[in-house]
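Chain residues, written in single-letter form:
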Amino acid sequence: MHHTSNCELTPFERLNRDCFCLSLDPAALAAALDAELGSPSLSQLVRERCPYLFAAQPVFVARPPLDRMAHVVRAIEAVVALPAYREQVLADAPAIAHIGAGGAQGVFFGYDFHLDQDRLGLIEINTNAGGAMLNAVLARAQRSCCQAVQAMAPDGASVTTFEQRLVDMFRREWRLAGNSRPLASIAIVDEAPQQQYLYPEFLLFRQLFERHGLQAVIADPSELACRHGRLWHGELAIDVVYNRVTDFYLDLPANAVLRQAWQEQAAVLTPHPQAHALYADKRRLALFSDEAALRALGVADDDRQVLLANVPRTEVVDAAHGDRLWAARRSLFFKPAAGFGSRAAYRGDKVTRRVWEEIMAGAYVAQAFVPPGERVIPNEGRSQSMKFDLRAYAYAGGVQWVAARVYQGQTTNFRQPGSGFAPVYTTEDASGRGMGEVEGEYASYVFLLDEEGEVHALPHVLYVALARGQALAPMLADRTLRLADWYVRLQADGEPGAVVNESYGLVRFDGEGHFNLEVAPGDTAWPTPAERRRMQELLSSVTTHRTAPQTTERS
């Protein structure tokens, strides 16, 4: 696990370390799942089959990295639209990837990122990313322990809008394929769908489509047939196949009917083989991170800079560079070019000679390692460090929703308690100035001073929640700290300026972490010159984040 010293943590990283508030309401989640089907069967299925599908705590992410993720998505869309790019990457793609140019674009692209402090890295692109509907239900099951967290959580209106956009996306795919009549039917297709880990999501999608007036079925490819120029499921003619199979070029005999339907254009297949060739083959990451290649393709300067800053350097593994890559392996991550779901992917520092031989014999890429984010969660009275990545669900160059995936191990998985999809909590304030309570042209900034002379910035909204008894700080139980409240005039650009008033007191936390503010006798709560300098440094760092302030642990 990657560790960062306290003085280097951003405000959102401190929330991921210190906020143990449970955001997931299990009863609300069960109700939301069952409401989709009108029966208790779905929540029971989730509990039995995938108990670690949903994480109990949210992941906090500042607005700037989320904005950069959207910029990366747009930049890649701009590159893929270039004729020179399409000609180059399709030249060595299977013949089936040449079908469909100018038609459907492909639904549910998943852009997966690692976020290490301010360093953002695009790890991979998926063209059949799962979890979108599960995250919509998860967002409906959130509860907030205090006003600070409530202000960051996605609201019900945003979830409803997201679901409507999903349906609109499939209708747009239908129109892009050249169809003028309204979309009428969708088949959600995967191999043995009822045995798939994310089968609950298939049920949610079927219900979503039916709520919007579409006929929808869940089917194995073997249940489909091509007749008279159409794709059929029994007596139902299928307009659109929502393709969840991971045989991306439909090579397997089991997917022959899907291959035929795509070749004959008997139905709209989305996502489709060409989308995988253009976006998701991991060799594309090598091109997106190569300045000379991007220049040769004529990529615009702004897009090129975005990609070079946010796509970790990637190269195709070959025998000619085997010795160099082996020597540098500890800073690399190896993954199969056509892989998915983190299968056969390896951190370089874990690679043995036997595995290395497999990598050299296979079609792999080597990517500069960017550590995942860290989320600390409570576990049986102790704190436990988990990893997280961020998935941006995107369509046609626009981000539709961002979710986190919390996990342990080398690669993303939902196998341990505490893992699963997690909502992303953020603020609209791009500066992250959550530590201040703004009042017109002034703001209040609060600090805790401990026995060792350390200074901890306390976001004002969290201070209010603690003072009102809406949050606890069990990690500070049975401690007494000094509290400083600075009233600051804001400059014209909104950054903190002169301190116009100071007040100090004592804060006592009882055995459970309840917060009690007391008047300090005389000047006993006043800061030392060193503590005052530290508070001024923290105040100056609110916008620049050169030195990020610290916050208190709370429940």
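Description of the structure in this document. (Residues numbered from 1 in each chain as written. Predicted model: local features only at pLDDT ≥ 70, side-chain atom pairs only at ≥ 80, totals over all residues. Heavy atoms only, no water.)

**A few points about the packing of helix α8 (residues 156-176) against helix α9 (residues 199-211)**
Consideration 1: Two elements in contact, α8 and α9, have axes whose closest approach is 11 Å; the angle formed by their N-to-C orientations is 80°. Looking at the two axes, α8 sits roughly perpendicular to α9. Counting all contacts with α8, which are made through E163, L166, V167 and F170, the residues of α9 involved are F205, L208, F209 and R211.
Consideration 2: Taken together, the residues that form the contact of α8 with α9 break down as six nonpolar, no polar and two charged. (Axes fitted to C-alpha atoms, helices over the stretch in contact; angles between N-to-C directions. Helix = DSSP H or I, 4+ residues; strand = E, 2+ residues; numbered from the N terminus. Parallel < 35°, antiparallel > 145°, perpendicular 65-115°, else oblique. Contact = heavy atoms within 4.5 Å. Nonpolar A, V, L, I, M, F, W, Y, C, P; charged D, E, K, R; others polar.)

**What about helix α1 (residues 11-18)?**
Consideration 1: For α1, the tally of buried residues reaches seven of eight residues, placing the bulk of the element in the interior.
Consideration 2: What α1 keeps buried is the set P11, F12, E13, R14, L15, N16 and D18. (Buried < 20%, exposed > 50% of the residue type's maximum accessible area, 1.4 Å probe, protein only.)

**So, the pairing of strand β5 (residues 215-219)**
Consideration 1: Across the five residues of β5, four count as buried, placing the element largely inside the fold.
Consideration 2: Summarising the sheet, strand β4 (residues 185-189) and β5 pair through five bridges and their orientation is parallel. Counted as the bridge partner of I186 is A216 from β5.
Consideration 3: Remark: the β4/α9/β5 crossover connection has right-handed handedness. (Pairing = 2+ DSSP bridges. Right-handed = clockwise from strand over helix to strand, strands pointing away.)

**As for the sheet that holds strand β11 (residues 314-316)**
Consideration 1: In spatial order, the strands read β11-β14-β12-β13; together these four strands make up an open sheet with antiparallel pairing. Across the chains shown, the open sheet's two edge strands, defined by having one partner strand only, are β11 and β13 (346-347).
Consideration 2: Pairing of β11 with strand β14 (residues 364-368), which is carried by three bridges, proceeds in the antiparallel orientation. Bridging from a neighbouring strand, V316 pairs with V365 of β14.

**What to know about the packing of helix α6 (residues 132-140) against α8**
Consideration 1: Interhelical geometry of α6 versus α8 gives an angle of 160° and a closest axis separation of 10 Å. Classed by the angle they form, the pair α6 and α8 counts as roughly antiparallel. Both α6 and α8 take part in a crossing whose hand is left-handed. Facing A132, M133, A136, A139 and R140 of α6, the residues of α8 in contact are V159, T160, F162, E163 and L166.
Consideration 2: A class-by-class count of the residues in the contact of α6 with α8 yields seven nonpolar, one polar and two charged. (Left-handed = near helix turned anticlockwise from the far one by under 90°.)

**Looking at the side chain of R405**
Consideration 1: The residue R405 is located in strand β17 (residues 398-407) in this model.
Consideration 2: A polar contact of 3.1 Å, which involves the side chain of R405, links it to the side chain of D112.
Consideration 3: Looking at R405, its side chain comes within polar contact range of the side chain of D389, at 2.8 Å.
Consideration 4: Look past the residues within four positions of R405 in its chain and what remains in contact with it is D112, K387, F388, D389, R391, T412, F414, G420 and F421. (Polar contact = N/O pair within 3.5 Å; in protein donor to acceptor, adjacent residues only side chain to side chain.)

**Structural notes on the sheet that holds strand β7 (residues 230-233)**
Consideration 1: Here we have three strands laid out as an open sheet, ordered β6-β7-β8, and antiparallel in their pairing. Edge positions in the open sheet fall to β6 (224-227) and β8 (236-238), since each of these has one partner strand only. Taking the axes of each pair of neighbouring strands and ignoring which way they run, one obtains an average angle of 40° across the sheet.
Consideration 2: With four bridges joining them, β6 and β7 adopt antiparallel strand pairing. Considered in β7, the bridge of R227 is made with R230.
Consideration 3: Each of β6 and β7 touches helix α10 (residues 256-263); the most contacted strand, β6, lies at about 35° to it.

Without other data, these values stay purely geometric and don't point to any function.
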